[in-house]
Amino acid sequence: MSSPSQLLTSLLKEVSRSFYLTMRILPGAIRPQISLAYLLARTTDTIADTEILPVEKRLEALSNLRARIVGLSGAQLDFGDLARNQSSIGETVLLQRCEEALALLRQFSNQDQERIKEVVDTIMSGQELDLMRFSGATKNQIIALKTEAELDDYTYRVAGCVGEFWTKICVAHQLSEKEVLGCERLPGPSFEQLGIRFGKGLQLVNILRDLPRDLRMGRCYIPQELLSQVGLVPSDLLSSANEAAFRPAYNQLLDEAQEHLAAGWSYTRCLPRSQFRLRLACAWPVLIGAKTLALLRHGKILDPSHRLKISRAEVRNLMLKSILIYPFSSAWDAQFLKAAHVQECSCVR
């Protein structure tokens, strides 16, 4: 068997090829904590998404894992049945080596353990809420969120809390007291609030991009109150013929996602220029998200045969360019507006 340290390298790469690039560029002082938190969250996500098992079984497995993570249970976990039902080898290994990941958690300081436990617990609460909310949902019986407040709550639970956690780890281990004060003295939202919006924006991009697929699973993250404003119901979104009618509601959420990502870009620009690796780790997901939104503004958003996603070549070019132009402050700062294909954005400070 491979060493536990490989959980944060080869296995992490296997279960998250795109996010692994961000993990790899992170400074060494914060990479292990963020990587392990992601790995644990990826484990809980794998459990929640194992559709071959009844919802009750998945909720039970999540409850048992939560008890182990927060220290309420010492009973060894055996996810053998879950592991055998995975289509991905990486996810199979992830479940098989869950106890090793938990052992790694105990190697961190008490403060970092609490930070990791808190963010994973919050993410799990969102996953459990999702399982209960959409229990029984099918393509012929679509269940939708009711309000925009529910959507905002969900994006916080599964991603906004990650921006919060990321900020706490950076403040504790990567940024000097002077650098933290520099971030907080800037006008507008606090550094941590920007981090929360950063995470919410990335999740909202995923929701808007994956809408056709989710609908065919019976899940509609577009709130009913928005759909009612344009005279539609969730099942109407199964037909591409309703795209024109749906566009005003969809564009409203695109604008919200872009404002959140702009806050994420503000977060990135708050960081001192000397924090080269940390700035890149923050910039890449924001820029990828902005480019994805630009595609969604003009693409076929209800057609499941047209999955709108920027190519790996575009991602590589984006990353390389951000490195090459880093010495040129104005060009580097302008990347977000260019990626989003907008002339101005009031959220960028």
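Since the structure is predicted, the reported quantities are computational estimates derived from the model, not experimental observations.

Criteria and thresholds
- Residues numbered from 1 in each chain as written.
- Predicted model: local features only at pLDDT ≥ 70, side-chain atom pairs only at ≥ 80, totals over all residues.
- Heavy atoms only, no water.
- Helix = DSSP H or I, 4+ residues; strand = E, 2+ residues; numbered from the N terminus.
- Expected span 1.5 Å × (residues − 1).
- Buried < 20%, exposed > 50% of the residue type's maximum accessible area, 1.4 Å probe, protein only.
- Contact = heavy atoms within 4.5 Å.
- Axes fitted to C-alpha atoms, helices over the stretch in contact; angles between N-to-C directions.
- Left-handed = near helix turned anticlockwise from the far one by under 90°.
- Nonpolar A, V, L, I, M, F, W, Y, C, P; charged D, E, K, R; others polar.
- Polar contact = N/O pair within 3.5 Å; in protein donor to acceptor, adjacent residues only side chain to side chain.

(A) Main features of helix H4 (residues 55-70). The end-to-end C-alpha distance of H4 is 22 Å, a good match for the 22 Å that 16 residues give at a rise of 1.5 Å each. Among all positions in H4, only Val55, Arg58, Ala61, Leu62, Leu65, Arg66, Ala67, Arg68 and Ile69 are buried. Close packing links the buried residues of H4 with helix H3 (31-48), helix H5 (80-84), helix H7 (98-105) and helix H8 (110-133). Within two residues after H4, glycine 71 carries a phi angle of roughly 90°, on the positive side.

(B) Representation of the packing of H3 against H7 in the model. Packing of H3 against H7 brings their axes to within 10 Å, and their N-to-C directions diverge by 145°. Pair H3 / H7 crosses with left-handed handedness. On H7, the residues touching Leu36, Leu40 and Thr43 of H3 are Cys98, Ala101, Leu102, Leu104 and Leu105. Taken together, the residues that form the contact of H3 with H7 break down as seven nonpolar, one polar and no charged.

(C) Highlighting the side chain of threonine 46. Looking at the secondary structure, you find threonine 46 in helix H3. Polar contacts involving the side chain of threonine 46 include one to the main-chain carbonyl oxygen of arginine 42, which spans 2.9 Å. Sequence-distant contacts of threonine 46, that is, excluding residues within four places in its chain, are made with Gln86, Glu91, Leu94 and Leu95.

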